[in-house]
Every structure is written in C-alpha cells, then in structure tokens.
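As a plain string of letters, each chain reads:
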Amino acid sequence: MSGNNGANASGGELIELIAASIRRERERAGLSMAELARRAGIAKSTLSQLESGAGNPSVETLWALGVALDVPFSRLVDPPRPVVRVVRAGEGPVTHSERADYAATLLASCPPGARRDIYRIDAEPGETRASDPHMPGTIEHLLLGAGRALVGPTEDPVELSPGDYVSYPGDAPHIFRALAPGTLAVIVMEHV
C-alpha cells in the first residue's frame, strides 16, 4: 500500500487502511476496544472485525468512531502525511533582507486554526528525554541551535547538527537526547 491514500486505494486496500487507522487512533487515545465500542454505540464484535480488516464499515460507523475518538472522519480514511520532515542547514526557501545581513528560511507555514507553543531547550549529554504522546494531532517542530542531538519518533529518531530542522508527530512516543555539551534547540509544538 505504499504511497496510497484513501482517495486512490482499491476496496481491499481502503479497508486495510481504515482498519489500521481505527486501531492507531484507538491506541493513541488509550481506549480499550470495549470502551471505544461503547462510546461509538457499536458492538465490540463489530469494532473487532473493523480493526482486523474483516469488516466493511459504513459512513455512519466511521463518523461515530471519529466522534468517539475525537478525530476528524478524514483521519480514519486518509491518515495525515508526511510523518517526518527534515530540513538540513542550508536547505529550504530563503528570503534575504535588502538592509541587513539577514536571511529568513521558511521551515513550516502555519495551517489555519493551528495553535503553537514555543520552547527553548537547553540540554546536556546523558539521559534521553522520552516523551509520551501529547494530544492527537500535535506536531513538534525542532530547530537545533548548538550541539548535536538525537530527536524524533522513539522508533526512528534523526541525528541533528546545528541549523538542522525536523518535524515529527508529537502524538506518538518521541525522544530528545543531547549528544554534545551545550546542546540548544527551539521546539514549536503545534496543536491542531
């Protein structure tokens, strides 16, 4: 199914995609099958079939599951992409000032209705900072200013050097591990 989404997946692929999406969102919400089924007003056996890819959900069932999971309907049929985006130092669209030695590189534009929190991170080598998933839909943007760090999804972090940028899902387990003394970063947490 690589590269397919809800808009161009065949019937079998779409059912597999929906099954994986329901399971992923239920696990992110920390709900048991029984609790999600209760909240959505469907039988637990129906939910079990849907998550195993054996069912063929109606639009009404998917809407009920989306409401119970507090996610848009689209997240169940066309999961968000891209998951991880890296902009290395020296990459990206740059705009220069006419009056000063100043250059601005666009790393990520703000989607409509987004809320953001910005943090400065000072870290030293040693213990890895492991973060549990934040609210569904949270994306973290990190720009490394000094030092070196291993950052991103727990299963597949990226090593960054000064000036490197990475974005990754904040609603999945993720880490930050300083690899050099005096590591400094700026994190923007985007809550949509």
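Residues numbered from 1 in each chain as written. Predicted model: local features only at pLDDT ≥ 70, side-chain atom pairs only at ≥ 80, totals over all residues. Heavy atoms only, no water.

Visitor: Sorry if this is basic, but what is going on with the overall build of the protein chain here?
Guide: In terms of regular secondary structure, the protein chain is built from five helices and 11 strands. Burial status across the protein chain gives 35% buried among its 192 residues. Here the analysis covers contacts within the protein chain between residues at least 6 apart in sequence; of these, 68% occur between residues at least 24 apart. Total accessible area computed for the protein chain in this model is approximately 10900 Å², and 53% of it derives from carbon and sulfur atoms. (Helix = DSSP H or I, 4+ residues; strand = E, 2+ residues; numbered from the N terminus. Buried < 20%, exposed > 50% of the residue type's maximum accessible area, 1.4 Å probe, protein only. Contact = heavy atoms within 4.5 Å. Areas by Shrake-Rupley, 256 points an atom, 1.4 Å probe, with all protein chains shown as cover.)

Visitor: Would you explain the environment of Glu27 in this entry?
Guide: Tracing the sequence through the fold places Glu27 in helix H1 (residues 11-29). For the pair Glu27 and Leu69, spaced 42 residues apart in sequence, the C-alpha to C-alpha distance is 9.9 Å.

Visitor: It is not clear to me how the layout of surface pockets should be interpreted in this structure. Could you clarify?
Guide: Any empty space left between the atoms is revealed when a probe the size of a water molecule rolls over them. Volume-wise, the second largest pocket comes out at about 280 Å³. Along its surface, the second largest pocket is lined by 17 residues, and Ile121, Arg129, Ser131, Phe176 and Ile187 are the ones closest to its centre. Elements with a contribution of two residues or more to the lining of the second largest pocket: strand E4 (115-123), strand E5 (129-131), strand E10 (174-178) and strand E11 (183-191). At five residues, E10 tops the list of elements feeding residues into the lining of the second largest pocket. Classifying every residue of the lining of the second largest pocket by side-chain character gives nine nonpolar, three polar and five charged. (1 Å grid on protein atoms, 1.4 Å probe; cavity = no way out; pocket = protein on both sides within 12 Å on 5 of 7 lines; lining within 4 Å. Points joined across faces, edges and corners; volume = space filled by probe spheres on them. Nonpolar A, V, L, I, M, F, W, Y, C, P; charged D, E, K, R; others polar.)

Visitor: I tried to follow the sheet that holds strand E9 (residues 165-169) on my own but got confused; where do I start?
Guide: Paired through backbone hydrogen bonds, the strands of a sheet run either parallel or antiparallel to each other. Strand order in the open sheet formed by five strands is E1-E9-E6-E11-E4, with antiparallel pairing between adjacent strands. For this open sheet the edge positions go to strand E1 (85-87) and E4, each flanked by a neighbour on one side alone. Within this sheet the neighbouring strands show an average axis-to-axis angle of 20°, counted without direction. In the sheet, E1 pairs with E9 via three bridges, with the strands oriented antiparallel. Bridge pairing in E9 places Arg85 opposite Ser167. (Pairing = 2+ DSSP bridges. Axes fitted to C-alpha atoms, helices over the stretch in contact; angles between N-to-C directions.)

Visitor: In this structure, what is going on with the nonpolar core? I would like to understand it.
Guide: Soluble globular proteins tend to pack their nonpolar side chains together in the buried interior. In this structure, Ile22, Leu36, Leu47, Leu65 and Leu76 are the most contacted members of the largest nonpolar core, which totals 16 residues. Of all the secondary-structure elements, those providing two or more residues to this core are H1, helix H2 (33-40), helix H3 (44-52), helix H4 (59-69) and helix H5 (73-77). In terms of residues, this core owes the most to one element, H4, which gives four residues. Residues in contact with Leu47, not counting those within four places in the same chain, are Ile22, Met33, Leu36, Ala37, Ile42 and Leu65. (Core = buried A, V, L, I, M, F, W, Y, C linked by side-chain atoms within 4.5 Å.)

Visitor: So what exactly am I meant to see when it comes to the sheet that holds E10 here?
Guide: In spatial order, the strands read E5-E10-E7-E8; together these four strands make up an open sheet with antiparallel pairing. Edge strands, defined here as strands with exactly one partner in the open sheet, are E5 and strand E8 (158-160). Direction aside, neighbouring strands of the sheet carry axes that sit 15° apart on average.

Visitor: Hey, could you run me through the pattern of salt bridges in this one?
Guide: Pairs may arise between side chains of opposite charge once their charged atoms sit close together. Applying the stated rule across the entire model yields 10 salt bridges. As a salt-bridge pair, Glu25 and Arg28 come within 3.8 Å of each other at their nearest N and O atoms. Within this pair, Glu25 and its partner Arg28 are both found in helix H1, separated by three residues, close to a single helical turn. Taking the shortest distance from any N to any O, the salt bridge between Arg26 and Glu51 comes out at 2.5 Å. Of the two residues, Arg26 is situated in helix H1 and Glu51 in helix H3; the sequence distance between them amounts to 25 residues. Accessibility assignment for this pair places Arg26 and Glu51 in one class, buried. Three or more residues joined by partner-sharing salt bridges are found here, namely Arg24, Glu25, Arg28 and Asp171. (Salt bridge = Lys/Arg side-chain N within 4 Å of Asp/Glu carboxyl O.)

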